[in-house]
Every structure is written in structure tokens, then in C-alpha cells.
Amino acid sequence: MSVLDDIKELVEAAQKILIVTHENPDGDAIGSSLGFMHGLKKLEKDVTVFIPYINRMYDFLPGREEIRHELSDDEKFDLCIALDSSDIERLGEGKKWFDKAEKTIVIDHHITNQNYGDANYVNAVACSTCQNIIVVLASLEVAINKVMGTCIYAGMLTDTGGFRYNVQSETFEFVSMLLEAGVEIAPIYRNLFDLTTEARTRLLGRALERLEVLEDGKITYTYVTKADEAEFNCEDGDYENIVNYGRNIEGVEVSIFFREIEEGKIKVSLRANDYVDVSLIASKYAGGGHLRAAGFSISGSMEQAKNIVIDEIKKQLQ
Ligand SMILES: [Mn+2]
């Protein structure tokens, strides 16, 4: 029996089904959860999606209002399905419910997946968990409709950075199926990539005004303070993506973004384009990240943080 048969058997045997996903859920986590919820409902299952916190950029997704942010201790589920989470710890609050469920299924696309369910469908070639959901729904003989397709497309779009990364020819065959189901892609793109708020735009404007370019155009940096965020009534996360504006300037290798978290504490975000390994400096300051995208916090004033970090980056450029 294939794992898809195992999943079918587990789903058929269950009535009350819980879907959980990883902490700090992204478009793929939320899209796959909602897309699969809509699909399982077609099989007349009683489906609950539990995600403690969701950024409001995902509010447009159909079924968003059904997501539960809390569960009470006496609730019981026949089956718990973990989506887009490579290990059980990443489920955060969802872990407890995964542990408690009678049976469990894991659907994911991370090559590092720990296969922690009773049945594990992990296809790491897929661009997203959402793409794997299309396969699982087909094996459950659920026809994808516009509502399911909209959620699934959102996950495929975000996990591939707008179909730039981790994409294969089959990715577009799956997208083609979603278009056949009636999915309208323009509003999804607008909601996820273009739509912003006044606060976010004003904070970005302040940061761009302050942008400095150093070392023959190879380094750029800017910053925002707590006072800036208060002035524009910013929400948490409104500063995200500012660092990429510097990175996108022609000739820039490293973009640095400083953000005052509290008095005497500065968060530093680093982005590189081609050859500087920004994870080196991040690990020196107990931060984390990847070769070309990393971050860490540093104690001191904004001026001190700027001097230290810019010096480090200059050294790496030599
Ligand atoms: Mn994913």
C-alpha cells in the first residue's frame, strides 16, 4: 500500500479532524491548512483548523474566519494532520494536540522532515505543501474547486517567491489545474505581494529617506527607531521587507537594516546578493540565518550598532 492509500484509510476512518501547522505560519502553512479543510469538508468530515496567530495579510483567504486560535482542553480529535512542518517541535501549541490525537498524518515538502506521523506524505520535490495537497486531494477523489484552489494557489505563490524559486515544469501543471478550477490569480497576487497599509508605507518612506550608500555603492544601510514606529502607528512587522529595498539597488552587495527594538537594543537585518556570507557576522553575535540573509540583535545605541556592523561588513568586502 502506498502512503496515499494509508492517508485515505485514516481519513475515511476519522470523523473529527484537526489540522495544525508550524509556528509563525506563512502562506504555505495557512493556504494548505485552509485548502485541505475545504477539501475534507467535501467528504463530510468535521474539520477544525487550529492556528494560534495569523498575520492579517491572509484575511482574504476563503475560510479564514473559521480558523480557531484556541482550543479547550476537553476537545478530542480522531485524527490530527500536521502540514508544512518538518518536525513536531515546530508545531508549537499544535504539538500537544498532535500528541493527543488517536491517529496522525504528516504532509510536507521539507527534505528534513522527521516523518513523525502514522502516515507521512513528504515530497521534497514539490514547491510547497500546497502542491502536495493537490495530490492528496486527488487520491481522496475530491475535485478541487475555486475556494480550495484559491487557498492552495496562495501557498504555491508565496513559497516560490512568486514562482521564482524551487519551481519545476510540473509546478505549472499543478497551477494549470487550479486555473481550470476557476482560481483568479490577480487578486491573490495583489493581497499577498502588493497590498500595504499607510503606516507601513510611511515607515518605508522614512527609512528610504535615510538610506546611505558606502564603499563605492557596495554597502547600503538605513534604520528606523521606536519613535518612528510610534509616530506612524505601526503594527509589529511593518518594518519587514525594508532591507530588500537596499539590496535591490544596482551594484549593492550588502544591505543592512537597523531597527531599535528597545532603548539600547538594536535588531540588525542583513541581506547580501552574490558573494558576502552574512551568516558569519550573524553567528558572531548569536544570531542566525543563511548565507545571504541573516539577522541578530546587538546591545548599544543606534550609532554604536551602525559603527560595529558597518566595520564588520567592510572587512568582509576586502
Ligand atoms: Mn512550505
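Residues numbered from 1 in each chain as written. Predicted model: local features only at pLDDT ≥ 70, side-chain atom pairs only at ≥ 80, totals over all residues.

Draft legend 1. Quick peek at the sheet that holds strand E2 (residues 46-50). Reading across the sheet, the 5 strands line up as E2-E1-E3-E4-E5 and stay open at both edges, with parallel pairing between neighbours. Since the sheet does not close on itself, it has two edges, and those belong to E2 and strand E5 (119-122), each with one partner. Neighbour-to-neighbour, the strand axes of this sheet turn through a mean angle of 15°, independent of strand direction. Both strand E1 (residues 16-21) and strand E3 (residues 79-83) contribute to a ladder of 5 bridges, which runs parallel. (Pairing = 2+ DSSP bridges. Helix = DSSP H or I, 4+ residues; strand = E, 2+ residues; numbered from the N terminus. Axes fitted to C-alpha atoms, helices over the stretch in contact; angles between N-to-C directions.)

Draft legend 2. Region of the structure containing the packing of helix H4 (residues 129-139) against helix H5 (residues 146-159). For the pair H4 and H5, interaxial distance at closest approach is 7 Å and the crossing angle is 140°. When H4 is examined against H5, the residues Thr129, Cys130, Gln131, Ile133 and Ile134 are found in contact with a partner set consisting of Ile152, Gly155 and Met156. Counted by class, the contact of H4 with H5 contains 5 nonpolar, 3 polar and no charged residues. (Contact = placed C-beta atoms within 7 Å. Nonpolar A, V, L, I, M, F, W, Y, C, P; charged D, E, K, R; others polar.)

Draft legend 3. View of the environment of Val309. As for its position among the elements, Val309 is in helix H12 (residues 302-317). Placed 22 residues apart in sequence, Val309 and Gly287 show a C-alpha to C-alpha distance of 13 Å. Beyond its immediate stretch of four places on either side in the chain, Val309 contacts Ile256 and Val268.

Draft legend 4. Broad picture of the nonpolar core. The biggest cluster of nonpolar side chains holds 58 residues, and the ones touching the most others in it are Ile19, Leu79, Cys80 and Ile81. Element by element, the count of residues in this core is highest for H5, at 8 residues. Contact partners of Leu79, with chain neighbours within four places excluded, come to Leu10, Val11, Ala14, Ile17, Ala101, Glu102, Lys103 and Ile105. Counting residues in each nonpolar core, the second largest holds 27 residues, with Ala272, Ala282, Phe296 and Val309 among its members. (Core = buried A, V, L, I, M, F, W, Y, C linked by C-beta atoms within 7 Å. Buried ≥ 20, exposed ≤ 12 C-beta atoms within 10 Å, placed from the backbone.)

Draft legend 5. Highlighting the pairing of strand E11 (residues 293-299). When strand E9 (residues 265-272) meets E11, the two strands line up antiparallel, connected through 7 bridges. By the bridge assignment for E11, Ser269 is matched with Gly295. Summarising the sheet, strand E10 (residues 288-289) and E11 pair through 2 bridges and their orientation is antiparallel. When the bridges of E11 are listed, Gly288 appears paired with Gly295.

Draft legend 6. Seen up close, the environment of Glu180. Following the sequence through the fold, Glu180 ends up in helix H6 (residues 169-180). For Glu180, a count of 10 C-beta atoms within 10 Å puts it in the exposed group.

Draft legend 7. Representation of the domain arrangement of the chain. The domains assigned to the chain are domain 1 (3-194) and domain 2 (198-317). For domain 1 versus domain 2, the distance between C-alpha centres works out to 33 Å. (Domains from an automatic or database assignment.)

Draft legend 8. Representation of the packing of helix H2 (residues 27-42) against H4 in the model. Taken N-terminus to C-terminus, the directions of H2 and H4 make an angle of 15°; their axes are 9 Å apart at the nearest point. By the angle class used here, H2 and H4 are roughly parallel. Pair H2 / H4 crosses with right-handed handedness. Only Thr129, Cys130, Ile133 and Leu137 of H4 make contact with H2, whose side of the interface consists of Asp28, Gly31, Ser32, Gly35, Phe36 and Gly39. Class assignment of the residues belonging to the contact of H2 with H4 gives a composition of 4 nonpolar, 5 polar and 1 charged. (Parallel < 35°, antiparallel > 145°, perpendicular 65-115°, else oblique. Left-handed = near helix turned anticlockwise from the far one by under 90°.)

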